[in-house]
Structure formats: C-alpha cells, structure tokens
Amino acid sequence: MSETEFVRFLREVGSSPPRLDDYAAMSLPRLLFHARNEGYDFTAEEAARVIGRLEVAVVTEQDNEPFDGSSTLWQAMWGSRYLDYLVKDVASRFTDEELVS
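Read on for a plain summary of the structure.

Reading the values: the criteria
Residues numbered from 1 in each chain as written. Predicted model: local features only at pLDDT ≥ 70, side-chain atom pairs only at ≥ 80, totals over all residues. Heavy atoms only, no water. Helix = DSSP H or I, 4+ residues; strand = E, 2+ residues; numbered from the N terminus. Rg over C-alpha atoms; globule rule 2.2 N^0.38 Å. Buried < 20%, exposed > 50% of the residue type's maximum accessible area, 1.4 Å probe, protein only. Contact = heavy atoms within 4.5 Å. Axes fitted to C-alpha atoms, helices over the stretch in contact; angles between N-to-C directions. Parallel < 35°, antiparallel > 145°, perpendicular 65-115°, else oblique. Left-handed = near helix turned anticlockwise from the far one by under 90°. Nonpolar A, V, L, I, M, F, W, Y, C, P; charged D, E, K, R; others polar. Phe/Tyr/Trp six-rings, centres within 6.5 Å; stacked < 30°, edge-to-face > 60°. Expected span 1.5 Å × (residues − 1).

## Considerations on the overall build of the chain
Here is step 1 of the chain: Tallying secondary structure elements over the chain gives seven helices and zero strands in all.
Here is step 2 of the chain: Starting at the N terminus and walking to the C terminus, you meet the elements of the chain as α-α-α-α-α-α-α.
Here is step 3 of the chain: Taking 13 Å as the expected radius of gyration for a compact globule of 101 residues, we find that the chain reaches 13 Å, a close match to that expectation.
Here is step 4 of the chain: Along the longest, intermediate and shortest principal axes, the C-alpha atoms of the chain span 40 × 30 × 25 Å.
Here is step 5 of the chain: A buried classification covers 38% of the 101 residues belonging to the chain.
Here is step 6 of the chain: Considering only contacts in the chain between residues 6 or more positions apart, those separated by 24 or more positions represent 58%.

Structure (structure tokens):
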C-alpha cells in the first residue's frame, strides 16, 4: 500500500470524466473497495496524508495564504463533491512530477 498509489488514482481518475463522476458519487468505503478492485492499493490513511500535504502546498506555497479558514481554496469546496474538488481544484494545480514527489 502506498501514497503514490493514491496519487496515481487521482491522476488517472482525473483524466477520465466518466470514471471521476462514478467515483465522486461513492462513499469512502465504497471508493476504497472499487479502487482496490481496479488495482489501486492505498488506504484511507494514506489518501488523507496525501490530501493534507497537497492542500497545505496549494494554500501556503501556491496561493501564499495562511493555512486557516480564510483560504480561498476552501471556497472551491462549496457545492462540489469532495473527489471533484480534490481532482479539479487541488491535484490539477501540480505537475505529474510534483505530485509524485
């Protein structure tokens, strides 16, 4: 299991709108189950660590904002499904090389 698997999942699902739509409608346990059946090997904890690091990098490094409730990134969450937000508003702001590192 690895964090790089979750990054691979974000990249590959993000490049396929129908797959993103399918996964975005799932609960976390269901997403983990289906992702594992498709060959992705990551846990909820590994995904959470990746998400946290990416969000911190977007807010503090890319947007130059304090990591608090005033960040403009949080506004992107409103009205969005969480996976859509992660793919479109967070992961998309990084190159493939940045995501892997």
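## Some words on the packing of helix 4 (residues 44-62) against helix 6 (residues 82-90)
Here is step 1 of the chain: Where helix 4 meets helix 6, the closest approach of the two axes is 11 Å, and the angle between their N-to-C directions is 45°. With respect to each other, helix 4 and helix 6 are oriented oblique. At the point where helix 4 passes helix 6, the crossing takes the left-handed sense. Each of I51, L54, E55 and V58 in helix 4 lies in contact with helix 6, whose residues at this interface are Y82, Y85, L86 and V90.
Here is step 2 of the chain: Looking at side-chain class alone, the contact of helix 4 with helix 6 contains seven nonpolar, no polar and one charged residues.

## Focus on the packing of aromatic side chains
Here is step 1 of the chain: Under the defined criterion, the tally for this structure stands at seven aromatic pairs.
Here is step 2 of the chain: A centroid spacing of 6.0 Å and a plane angle of 25° characterise the contact between F6 and F9, whose relative ring orientation is stacked. Of this pair, F6 and F9 both sit in helix 1 (residues 3-14), three residues apart, which is roughly one turn of that helix. One exposure class covers both F6 and F9, and it is buried.
Here is step 3 of the chain: Considering the side-chain rings of F9 and F42, the 5.3 Å spacing of their centres and the 50° angle between planes classify their relative orientation as tilted. Separated by 33 residues along the polypeptide, F9 in helix 1 and F42 in the loop between helix 3 (28-37) and helix 4 bring together distant segments of the chain. Take F9 and F42: they sit in the same class, and that class is buried.
Here is step 4 of the chain: In this structure an aromatic cluster arises from ring pairing among F6, F9, Y23, Y40 and F42.

## A short note on helix 4
Side chains of residues three or four places apart in an α-helix project in the same direction, reflecting 3.6 residues per turn.
Here is step 1 of the chain: Across its 19 residues, helix 4 extends 26 Å between first and last C-alpha, which sits within 8% of the 27 Å expected from 1.5 Å per residue.
Here is step 2 of the chain: Where helix 4 is concerned, the buried positions are E46, A47, V50, I51, L54, E55, A57, V58 and V59.
Here is step 3 of the chain: Positioned one or two residues after helix 4, N64 has a phi angle of 55°, which is positive.

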